[in-house]
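Descriptive structure summary
Residues per chain, in single letters:
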Amino acid sequence: MRKLLLALVMSLSVFAAQAGDRFIVVASTTSTENSGLFAHLLPIFTARTGIEVRVVAQGTGQALRTAANGDADVVFVHARAAEEKFIADGYGVQRHPVMFNDFIIVGPGDDPAGIGGGNDVTVALRTIAARHAAFASRGDDSGTHKAERRLWRAAGVTPAGDWYRETGAGMGATLNTAAQMGAYAMTDRATWIAFRNKGDMTIAVQDDKRLFNQYGVILVNPAKHGHVKAAEGQAFIGWLTSDEGQQAIAAYTVDGQQLFFPNASDVGA
Amino acid sequence: MTDSAFAAALDLILGADPAFLGIVAVSLRVTLSAVLIAALIGLPLGTLLAMYRFPGRSVLIVAVNALMGLPPVVAGLLVYLALSRAGPLGGLGLLFTPAAMIVAQTLLVLPIVVALSRQVVEELWLEYRDHLTSLGRTGWGAVPTLLYDGRYALATALLAGFGRAMAEVGAVLIVGGNIAGHTRTMTTAIALETSRGDLALALGLGMVLLLLTLVANALAFGVARIGRQYAG
Amino acid sequence: MMRDVASILPLAADALAFDAGGGRLIDGIELRVDKGDCLALIGPNGAGKTLLLRLLHGLLPASGGRVAWANGSGAVGGRRQHAMVFQSPVMLRRSAVGNVSHALRAAGHGRAEARRRALAALERFGLAELAPRPARVLSGGERQRLAIARAAALEPELLFLDEPSSALDPGATRQVEAMLADLHGGGMTLVFATHDLGQARRLATRVGFLNRGRLVETGPAADILQSPGHDETRAFIAGDLAW
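An account of the accompanying structure is given in this report. Since this is a predicted model, take the numbers as computed values, not measurements.

Here's the deal with the pairing of strand 9 (residues 212-220) of chain A
All names here are of chain A. Where burial is concerned, most of strand 9 is hidden: eight out of the nine residues are buried. Sheet analysis places strand 3 (residues 74-77) next to strand 9, joined by four bridges and oriented antiparallel. Of the residues in strand 9, the one forming a bridge with Phe76 is Val217.

Describing the packing of helix 4 (residues 72-83) of chain B against helix 5 (residues 98-134) of chain B
Residues and elements named next belong to chain B. Between helix 4 and helix 5, whose axes approach to 9 Å, the crossing angle comes to 135 degrees. Put simply, helix 4 runs oblique to helix 5. The interaxial crossing formed by helix 4 with helix 5 has right-handed handedness. Residues Pro72, Ala75, Val79 and Leu83 of helix 4 pack against Ala100, Val103, Ala104, Leu107 and Leu108 of helix 5. Within the contact of helix 4 with helix 5, the residues separate by chemical class into nine nonpolar, no polar and no charged.

Description of the pairing of strand 9 (residues 189-193) of chain C
Residues and elements named next belong to chain C. Among the five residues of strand 9, five are classified as buried, and the element is accordingly described as predominantly covered. With four bridges connecting them, strand 3 (residues 38-42) and strand 9 associate as parallel partners. The residue bridging Ala40 from the neighbouring strand is Phe192, located in strand 9. Between the parallel pair strand 8 (residues 158-162) and strand 9, the chain is carried across by helix 5 (residues 170-185), and the sense of this crossover is right-handed.

Examining the interface of chain B and chain A
Of the residues lining the interface, 28 residues belong to chain B; the matching set on chain A comes to 31 residues. With both sides pooled, the region where chain B packs onto chain A buries about 2,400 Å², and carbon together with sulfur makes up 58% of that total. Its largest share of buried area at the contact with chain A, chain B owes to Arg85(B), Phe96(B) and Arg196(B), together 25% of the area lost on that side. Between chain B and chain A we count one salt bridge in total. Of the charged contacts, one joins Glu33(A) and Arg184(B) as a salt bridge, the two residues approaching to 3.0 Å between their closest N and O atoms. At the junction of chain B with chain A, the criterion picks out six residue pairs in polar contact (both at pLDDT 80 or more). At the level of secondary structure, the elements contributing two or more residues to the side of chain B that touches chain A comprise helix 1 (2-15), helix 2 (18-51) and helix 9 (186-195) of chain B. Residue contributions to the side of chain B that touches chain A peak at six residues, all from helix 2 of chain B. Of the residues contributing to the side of chain B that touches chain A, the split by class is 14 nonpolar, nine polar and five charged.

Calculation rules
- Residues numbered from 1 in each chain as written.
- Chains lettered and ligands numbered in written order.
- Predicted model: local features only at pLDDT ≥ 70, side-chain atom pairs only at ≥ 80, totals over all residues.
- Heavy atoms only, no water.
- Buried < 20%, exposed > 50% of the residue type's maximum accessible area, 1.4 Å probe, protein only.
- Helix = DSSP H or I, 4+ residues; strand = E, 2+ residues; numbered from the N terminus.
- Pairing = 2+ DSSP bridges.
- Axes fitted to C-alpha atoms, helices over the stretch in contact; angles between N-to-C directions.
- Parallel < 35°, antiparallel > 145°, perpendicular 65-115°, else oblique.
- Left-handed = near helix turned anticlockwise from the far one by under 90°.
- Contact = heavy atoms within 4.5 Å.
- Nonpolar A, V, L, I, M, F, W, Y, C, P; charged D, E, K, R; others polar.
- Right-handed = clockwise from strand over helix to strand, strands pointing away.
- Buried area = accessible area lost by both parts, 1.4 Å probe.
- Salt bridge = Lys/Arg side-chain N within 4 Å of Asp/Glu carboxyl O.
- Polar contact = N/O pair within 3.5 Å; in protein donor to acceptor, adjacent residues only side chain to side chain.

Structure follows, in structure tokens:
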């Protein structure tokens, strides 16, 4: 009991101390947060620089809007087209590639659409649509959702009908729904590996190059929002793309599997 | 499922995990602050509403009663729009901090405090009016007497506000951003763990939250009991 | 240097009137209360006894005429020098002594001083053992005596009482009357409404008969009760005696 009280008091006082420290707000996505990457990465960065990183995890669309409003100092998402528009509109300074992971199609163990073991995502999606197999979509304008829509377009299908369910929710919630409904879904591998409620769902389609998911980090433009912590934000970006940061990203594993693959040096990414 | 949830709950409590304790600390700090501020503003407001007649009073009472059911997510949205850098109060830089969460929860608790204290004080004022007027205690002068004599009923109202704030997730999630170690509360942590599929941990957190709510309700019951004894 | 504290007495009501609900409930009352009086207001239910007391005490504004205290306001230094005990005495949700100290603090005394005086008042009237008990669990007789002690603790020049023992048994009534006799004997002026003619006889120096909002007649207690001047008064007293 005493240990409990002591820990409570200590955690409360740490709380108070944080008020005066240096910190930045990073707008990122729920899938990145849910993967546990930040819990692993950020303490390393804070230990090195003394800068606390406060991650607000939202859908990609909302994260970019939060950054555009000036409510964050840095934005770290995985939707290249939207990121480039963000910079073109003057909200961001420059886009730096950081890492990638990939998307996979997961589905119920009994594979009603018969697409298991495939690695052509457009064929799989066409089959799902043709057979009206249940499919759970994020439907929330996130990076994942945008990628999904791109793939439906590439497959030449406009998904509509009872079998196509848009949850309007985050990745984890959508997977929960898919597991309950016996539906297929598209998810990033990182979230899938860390997800604890798989039930009888398995990976149906993977390794198609079109399922590649690139992450970029951008400093919010201090010219647009004077209060942005440009120096500390740039320090974070610099660290993420440095050798130490890139190695820390590669070192993050769940169940022995690496979730993210650093590629900051790949300038065209 | 419930077995591992129970084990998860015990693990959390007995293990005194600093992250978990931090989450409880944020929840308590935010909600207790909100209740305190709501009490400081709401008790005098409710008393004034009870004692004075003015044009539009009935409309105000109906509005306050209705606001008791203000959806937390709406309160959160309003505060978010106000505190965002793009909003009127953006210069304060309060978004995604515990302060913003306290503001949002105060908005939720305030109508409860005003509505219930108005009811309590109105009944007391009806009973005490002649006596207090005779003693020269009218208007503001009567407020301390009325609030003190209504202390048990008012404490129960504050506990009701506390319960509502502790239970909500919509407001604190939107304005706080669920930042690990900073604005993550029990309810937002439950939302997070559920979306991660870690249902056992989410249930475990939920059980701890229920325990705290149970304690608050037991307190309310006890207070009401003592009040009845003293009021005769 | 001796300072003369202005007395609020005599109290005078001039053509006092009160209207409510479209009717005139108090009509043209002329009344005078001198220092040392013990005035009993008698009359049937609905005659306006309670209303008259509330008007005199200042709880209600007059619709016509006025209530005139000798020093103008009935107060000294902002504090009323007259107090009132209501028909159903109001007990605050605190202890008996707490009720009395609350009244004293309202009168401007400091916390410690108020408590000292409160305990002294309870002591004086033999209520000391009630001090710590919650006032609201006291019996009817105890509440009434507490209310009188509470009002007396304020050391008013004049004390209004509305039916001080109407709800009490004979034993409690005797205790209340003893308190009132004690207060009057100590120099306090009393004005009380009662439907108990025996009580009026036992306590009052003067009696006033009220009927339908009018003060029919006033005079020395013995005169009014034994040989009233008006038929109405006679009928009322006879009617009551017949009970």
